[in-house]
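# A closer look at the structure
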Amino acid sequence: MSDEEKPQEERRMVAISIRPCDGVDAAALYEKIKKEITSQPEYKLKWDDECKIEAGRIRTSFSIALEADFDEEVMEVLECMEDEIAGQDIVFQSAME
């Protein structure tokens with residue numbers, strides 16, 4: 001099957017902002033997030049390689065399979081990291097075909 005014949009996987013792109021707790025290194029926290037939050041293998045969660053750190057906030061994005069519940073697969077996991085993350089927000093999300 002050629003590349004043109006393979007069905008394109010529908011993905012969701014989500015941009016988020018993460019506010020680390022006081023005293024938590026933002027760059028180190030982002031590396032930990034990328035390593036520990038992997039989702040279900042079939043959803044093929046992919047984090048941006050790099051993040052932007054602005055005013056102490058981590059700004060990044062990820063893509064995940066469209067059928068995945070990204071809130072459950074990513075955002076709720078971030079909420080459980082309450083010792084390191086003071087808050088997180090969804091900045092933008094869109095389905096990509």
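Scroll up to find the structure this text is about.
Structure report, in brief. (Residues numbered from 1 in each chain as written. Predicted model: local features only at pLDDT ≥ 70, side-chain atom pairs only at ≥ 80, totals over all residues. Heavy atoms only, no water.)

### With respect to helix α1 (residues 26-36)
Those residues of α1 that fall on the buried side of the exposure criterion are Ala-26, Leu-29, Tyr-30 and Ile-33. Across the axial projection of α1, the buried residues extend over an arc of 100 degrees, all falling on one side. Check the buried side of α1 and you find it contacts β1 (11-20), β2 (46-47), β3 (52-54), β4 (57-65), α2 (70-79) and β5 (85-96). Two or three places before Ala-27, at the start of α1, stands the capping residue Asp-25, its side-chain oxygen 3.4 Å from that residue's backbone nitrogen. (Buried < 20%, exposed > 50% of the residue type's maximum accessible area, 1.4 Å probe, protein only. Helix = DSSP H or I, 4+ residues; strand = E, 2+ residues; numbered from the N terminus. Arc of directions from axis to C-beta. Contact = heavy atoms within 4.5 Å. Polar contact = N/O pair within 3.5 Å; in protein donor to acceptor, adjacent residues only side chain to side chain.)

### Some points on α2
Considered for burial, the residues of α2 that qualify are Phe-70, Glu-73, Val-74, Met-75 and Leu-78. The buried residues of α2 occupy an angular sector of 145 degrees when projected down its axis, which confines them to one face. Against β1, α1, β2, β4 and β5 lie the buried residues of α2.

### Brief notes about the packing of aromatic side chains
Scanning the model with the defined rule gives three aromatic pairs in all. Geometrically, the ring pair formed by Trp-47 and Phe-62 is tilted, given 5.1 Å between the ring centres and 55 degrees between the ring planes. Here the residue Trp-47 occupies a position in strand β2, and Phe-62 occupies one in strand β4, the gap between them amounting to 15 residues. Judged by relative accessible area, which is 7%, Trp-47 ranks as buried. On the basis of relative accessibility, which here comes to 2%, the residue Phe-62 falls in the buried class. (Phe/Tyr/Trp six-rings, centres within 6.5 Å; stacked < 30°, edge-to-face > 60°.)

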